[in-house]
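# Inside the fold
Letter by letter, the chains look like this.
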Amino acid sequence: MSVTDINIVSFGYLHDAPPPAHLTLDLRLHFNDPDVNPDLRYMTAEDLPVRAAVLATPGIQELIAATAATVDAYDSGPEDGPLTIAVGCAGGRHRAATVARVLAKRVGKTGVPVHLTHRDLPKPVVER
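These notes cover the structure that comes with them. (Residues numbered from 1 in each chain as written. Predicted model: local features only at pLDDT ≥ 70, side-chain atom pairs only at ≥ 80, totals over all residues. Heavy atoms only, no water.)

In this section: empty space enclosed by the protein. Enumeration over the complete set of coordinates arrives at one cavity of 30 Å³ or more. Here the largest cavity defines a volume of roughly 90 Å³. Lining the largest cavity are 13 residues, with Asp 35, Gly 91, Arg 93, His 94 and Arg 128 sitting closest to its centre. Considered class by class, the residues forming the lining of the largest cavity number five nonpolar, three polar and five charged. (1 Å grid on protein atoms, 1.4 Å probe; cavity = no way out; pocket = protein on both sides within 12 Å on 5 of 7 lines; lining within 4 Å. Points joined across faces, edges and corners; volume = space filled by probe spheres on them. Nonpolar A, V, L, I, M, F, W, Y, C, P; charged D, E, K, R; others polar.)

Right, dumping it as structure tokens:
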């Protein structure tokens, strides 16, 4: 295997710049934001209703599968080393954290060590 570790970082663009990564997924424009639902706004990806809403969004499952396939492509490369994937949304509490969590579980089945970090999950909701 070429990939020695997989680092997955969820983050919110409204908090700070994206972390350095080999691959960055920007979920802001193409996928529904649970933040607009008053019942979900102050919840996070640690709450089942948020995860259910994000994972039911059209295209999310396909994006996760495509990203896992991209990890496989990196793993087929000729160089050894870690791989970092950044997953961002507006605040980093709903979409990014959910997708990062599911992606980490999925690519973790390959046997490569996976490190999941939610950079902005504990931060307060950004008032817009």
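Another point: the packing of helix α1 (residues 48–55) against helix α3 (residues 95–108). The relative placement of two packed helices comes down to the angle between their axes together with the axis-to-axis distance. At their nearest, the axes of α1 and α3 sit 9 Å apart, and the two run at 80° to each other. Of the possible angle classes, the one that applies to α1 and α3 is roughly perpendicular. In contact with Val 50, Arg 51, Val 54 and Leu 55 of α1, α3 contributes Arg 95, Thr 98, Val 99, Arg 101 and Val 102. Taken together, the residues that form the contact of α1 with α3 break down as five nonpolar, one polar and three charged. (Axes fitted to C-alpha atoms, helices over the stretch in contact; angles between N-to-C directions. Helix = DSSP H or I, 4+ residues; strand = E, 2+ residues; numbered from the N terminus. Parallel < 35°, antiparallel > 145°, perpendicular 65-115°, else oblique. Contact = heavy atoms within 4.5 Å.)

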